[in-house]
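# An overview of the molecular structure
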Amino acid sequence: MRVLGVDPGLTRCGVGVVEGVAGRPLTMIGVGVVRTPADADLGHRLVAVEQGIEQWLDEHRPEFVAVERVFSQHNVRTVMGTAQASAVAMLCAARRGIPVALHTPSEVKAAVTGSGRADKAQVGAMVTRLLRLSAPPKPADAADALALAICHIWRAPAQNRLQQAVALHTAKAPKGRTA
């Protein structure tokens, strides 16, 4: 399974591609950051994020895209930019028919470090260890994108089994009832 992880942001949008399956060593295929100038017009920044993600999709041909689920923050301006960059990533994947999965920050941290409250340094250290890298990817947005891809690879099989079980249960339920 090849997954493009996207840590959305307008100034720095982390991107990372990981390949592998749960229970086996994973391989980093690529990691980077799509950058936009903070003083640029919002529309131009969103186009730059789109172009950057499209280049990653063209170059790495992922089977899935894992995007960090936007969560509420006190800084509305920051959360709006994050949500907009997130939507661009989802749009780029959907346009190509690539399935998109959303993972919360605490879900990603728990999957990679064992603790949903891990800090950026702990996530970077575990990504480095899990992918057998010589140093943590910089900036932290890049490491977070790899963590998203790792999380998806590890959690997708269980999520797929759960979705299949729900679908089977729904199909067997008497008409007019789904529970």
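Keep in mind it's a predicted model, so treat the numbers as computed, not measured.

Residues given the UniProt feature "binding site: Mg(2+) 2" (unreviewed entry) here are Glu68. Residue position: Glu68 is located in strand S4 (residues 64–68). Glu68 gets classed as buried once you look at its relative accessible area, which sits at 14%. In this structure, Glu68 is in contact with Val6, Asp7, Pro8, Ser86, His103, Pro105 and Leu148, ignoring residues within four places of it in sequence.

Side chains that are nonpolar tend, in soluble globular proteins, to be buried together. The biggest cluster of nonpolar side chains holds 18 residues, and the ones touching the most others in it are Val18, Val127, Leu131 and Ile150. Secondary-structure elements contributing two or more residues to this core are helix H3 (105–113), helix H4 (120–130) and helix H5 (140–172). Those residues in contact with Val18 that sit more than four places away from it in its chain are Met1, Arg2, Val3, Leu26, Thr27, Leu131, Leu146, Ala149, Ile150 and Ile153. Listed in part, the 17 residues of the second largest apolar core include Val6, Val17, Ala89 and Cys92.

Within an α-helix, residues lying three or four positions from one another point in the same direction, as the helix has 3.6 residues per turn. For H4, every residue scored as buried is listed here: Val123, Gly124, Val127 and Thr128. For H4, the angular spread of the buried residues around the axis is 135°, confining them to a single face. Facing away from the buried side of H4 by over 90 degrees, the exposed positions are Ala121 and Arg129. Its side-chain oxygen at 3.1 Å from the backbone nitrogen of Ala121, Asp119 defines the N-terminal cap of H4. Directly beyond the C-terminal end of H4, a positive phi value near 55° is found at Arg132.

Most of strand S1 (residues 2–7) is tucked away, with 6 of its 6 residues classed as buried. In S1, alternate side chains face the same way, and those of Arg2, Leu4 and Val6 on one face and Val3, Gly5 and Asp7 on the other are all buried. In this sheet, strand S2 (residues 12–19) lies alongside S1 in antiparallel orientation, the contact comprising 6 bridges. Paired with Val6 across the strands is Val15, a residue of S2. Counting the residues in the hairpin turn of S1 and S2 gives 4 residues.

Take unusual backbone geometry next. Here the bond from Lys138 into Pro139 is cis, since omega is -5°, no more than 30 degrees from zero. Counting through the fold element by element, Pro139 comes out in the loop between H4 and H5. Even without a glycine there, the phi angle at Arg61 is positive, about 45°. Turning to its location among the elements, Arg61 is positioned in the loop between helix H1 (42–60) and S4. Accessibility expressed as a relative area gives 57% for Arg61, which makes it exposed. One non-glycine residue with positive phi stands out, namely Arg132, at about 55°. With respect to the element layout, Arg132 can be found in the loop between H4 and H5. Residue Arg132 is classed as exposed on the basis of its relative accessible area, which comes to 54%.

What counts, and where the lines are drawn
- Residues numbered from 1 in each chain as written.
- Predicted model: local features only at pLDDT ≥ 70, side-chain atom pairs only at ≥ 80, totals over all residues.
- Heavy atoms only, no water.
- UniProt positions renumbered as here; feature names shortened; annotations may be inferred.
- Helix = DSSP H or I, 4+ residues; strand = E, 2+ residues; numbered from the N terminus.
- Buried < 20%, exposed > 50% of the residue type's maximum accessible area, 1.4 Å probe, protein only.
- Contact = heavy atoms within 4.5 Å.
- Core = buried A, V, L, I, M, F, W, Y, C linked by side-chain atoms within 4.5 Å.
- Arc of directions from axis to C-beta.
- Polar contact = N/O pair within 3.5 Å; in protein donor to acceptor, adjacent residues only side chain to side chain.
- Pairing = 2+ DSSP bridges.

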